[in-house]
Amino acid sequence: MPGFELFGKAEKKEVQDVLNSGILMRYGFDSMRQGHWKAKELEKEIESKFNVQYAQLVSSGTSAVSLALASAGIGAGDEVIMPCFTFVASFEAIIMLGAIPVIVDIDDTLTLDILSVQNAITPKTKAIMPVHMCGSMADLDPLIKICSAHNLILIEDACQAIGGSYNGKALGTLGDLGCFSFDFVKTVTCGEGGVVITNNNDLYTNADLFSDHGHNHLGTDRGAETHPYLGYNFRISELNAAVGLAQFRRLDDFISIQKKHYTIIRKELENLDGLTFRSVPKGGVESYAFLNFFLNDLETARKVNSAFKANGIDVCFHYYDNNWHYVRKWEHLKNQKSLFPFSKELKKGLSYLKKKSFDKSDHFIGRNISCLIKLSWTEPEVMKRARIMASIIRSITS
Ligand SMILES: *Cc1c(COP(=O)(O)O)cnc(C)c1O
């Protein structure tokens, strides 16, 4: 991560095709587009690579999550269980539909804690949304069981773990719906973009229609299409899809580079006292987009994080003190700072956040350092980096 580091010839070629035809829109203009359907082609390639029946490209990962929820009929007053460690997009996408994010603890996988999920289920719960943070995944088997026992929808936010798998299946394909982001800093980028994938024909049809104002995409006269229900505009442009098409074809390369760099650093840190790695659920294979480890306590993690920064070790994050990814800093959500009035249900539904503490998650996030794995590093650079990291940690923990 991120794919933009290796932007090159292939991406330029795909974009040039679109510029040559001048058709920047993914639908219609059949006779003018010189045979180029970049968004459609990328959807086909995603379906075949991940062995999933349907892919619906959209304008962002955030819109992918909203679209997945809307396609499953989730809206006003419905509760969606999600983790307290994730990008803010997770609750934004839920709130956008008037649904209520029910935020629960994570465990040493850095993803949903199964017991906390079980305890959060109420008669209003409609969906569980694990977020496969930082290149690894939630333990999906127990979540699949909970969802089928309680008749809930399982939506995987796999935005940060594209290329990872669980029990031999691509992440994003184990739930009812899966979401990826192709924003500028993700492993595969479109510049801006995202996708919803599913094996369910009804959910896909809903996603196809809803993402384009309810257009049913039948026939060749866009203006004459019927609109069975209200929709929205979550469309991706052909230019963005063209970049993503070239990038997505390089996914295996990107993952193998990430794995190589990850492994070099992991080996160097493996035998350090007072350091353990995040746990990966049985049957899971990481995407290697990040290397995550725990130190003994919050103070040590803070010291290591500062020493990393002071010594040129960039792209490592101590999320406990970070504004974006952990509930501790989500003051705007806790205080319901919204530009527009919330519904009564949503106001009431979010009020638990004023008091709820996340001790279990603090215990993990407070001690966690998360290091992004770059694609553009050279091997000697990674080795040097790994040695510096190890020596910093040794000097602080001994
Ligand atoms: C990046 C990201 C998103 C949102 O994707 P955008 O394309 O930036 O809207 C959602 N969830 C997670 C976990 C992400 O990392």
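Residues numbered from 1 in each chain as written. Predicted model: local features only at pLDDT ≥ 70, side-chain atom pairs only at ≥ 80, totals over all residues. Heavy atoms only, no water.

### Focus on the overall build of the chain
Here is step 1: Of regular secondary structure, the chain possesses 14 helices and 14 strands.
Here is step 2: Its C-alpha atoms give the chain a radius of gyration of 21 Å, near enough to 21 Å, the size a compact globule of 398 residues would have.
Here is step 3: Overall, the C-alpha framework of the chain stretches about 70 × 50 × 40 Å when taken along its three principal axes.
Here is step 4: In the chain, which comprises 398 residues, the share counted as buried stands at 57%.
Here is step 5: Of the contacts made within the chain by residues no fewer than 6 positions apart, 68% connect residues no fewer than 24 positions apart.
Here is step 6: Surface summary for the chain: the accessible area is close to 16,800 Å², and the carbon and sulfur share equals 53%.
Here is step 7: Of note, the chain has its 44 positive side-chain charges centred 4 Å away from the centre of its 45 negative side-chain charges. (Helix = DSSP H or I, 4+ residues; strand = E, 2+ residues; numbered from the N terminus. Rg over C-alpha atoms; globule rule 2.2 N^0.38 Å. Buried < 20%, exposed > 50% of the residue type's maximum accessible area, 1.4 Å probe, protein only. Contact = heavy atoms within 4.5 Å. Areas by Shrake-Rupley, 256 points an atom, 1.4 Å probe, with all protein chains shown as cover. Lys, Arg positive; Asp, Glu negative; His and termini not counted. Charge placed at Lys NZ, Arg CZ, Asp CG, Glu CD.)

### Let's talk about helix α10 (residues 298–310)
Here is step 1: When the terminal C-alpha atoms of α10 are compared, their 18 Å separation across 13 residues agrees well with the 18 Å that a helix rising 1.5 Å per residue should span.
Here is step 2: If you check which residues of α10 are buried, you get T300, A301, V304, N305, A307 and F308. Within α10, the buried residues cover an arc of 165 degrees as seen down the axis, which keeps them to one side. Turned more than 90 degrees from where α10 packs its buried face, K303, K309 and A310 sit exposed.
Here is step 3: The inward-facing, buried residues of α10 abut β12 (290–294), β13 (316–317), β14 (368–372) and α14 (379–397).
Here is step 4: Capping the start of α10, D297 holds a side-chain oxygen 3.4 Å from the backbone nitrogen of E299, two or three residues further along.
Here is step 5: The first or second residue beyond α10 is G312, which carries a positive phi of 80 degrees. (Expected span 1.5 Å × (residues − 1). Arc of directions from axis to C-beta. Polar contact = N/O pair within 3.5 Å; in protein donor to acceptor, adjacent residues only side chain to side chain.)

### Here's the deal with the packing of aromatic side chains
Here is step 1: Following the criterion strictly, the structure yields 14 aromatic pairs and no others.
Here is step 2: Among the aromatic residues, ring-to-ring pairing joins F50, F180 and F248 into one connected group.
Here is step 3: The ring centre of F277 lies 4.0 Å from the NZ or CZ of R266, which sits over that ring. (Phe/Tyr/Trp six-rings, centres within 6.5 Å; stacked < 30°, edge-to-face > 60°. Lys NZ or Arg CZ within 6 Å of the ring centre and 35° of its normal.)

### Topic: the site of the ligand
Here is step 1: Around the ligand, 14 residues are found, and the nearest of them are G61, T62, S181, D183 and K186.
Here is step 2: The contact in question runs from an oxygen atom of the ligand to an N or O atom on the side chain of K186, over 3.2 Å.
Here is step 3: Relative to its unbound accessible area of 380 Å², the ligand is 94% covered by the protein chains.
Here is step 4: Here the shell around the ligand is built from residues that sort into 4 nonpolar, 7 polar and 3 charged. (Near = heavy atom within 4 Å. Nonpolar A, V, L, I, M, F, W, Y, C, P; charged D, E, K, R; others polar.)

### Points about the domain arrangement of the chain
Here is step 1: Domain annotation for the chain reports domain 1 (3–105 + 113–250) and domain 2 (252–397).
Here is step 2: The C-alpha-based centres of domain 1 and domain 2 are spaced at 24 Å.
Here is step 3: Of the residues lining the interface, 42 residues belong to domain 1; the matching set on domain 2 comes to 44 residues.
Here is step 4: When the two sides are added together, the surface that domain 1 and domain 2 hide from each other amounts to roughly 3,500 Å², 62% of it contributed by carbon and sulfur.
Here is step 5: Contact with domain 2 buries area across many residues of domain 1, yet E5, I103 and C134 alone supply 16% of it, more than any other trio.
Here is step 6: Put simply, domain 1 and domain 2 have 2 salt bridges between them.
Here is step 7: As a salt-bridge pair, K360 and D113 come within 3.0 Å of each other at their nearest N and O atoms.
Here is step 8: Between the two partners, domain 1 and domain 2, sit 19 residue pairs in polar contact (both at pLDDT 80 or more).
Here is step 9: For the side of domain 1 that touches domain 2, the secondary structure elements donating two or more residues are β2 (79–83), α4 (89–95), β3 (100–104) and β6 (165–166). (Domains from an automatic or database assignment. Buried area = accessible area lost by both parts, 1.4 Å probe. Salt bridge = Lys/Arg side-chain N within 4 Å of Asp/Glu carboxyl O.)

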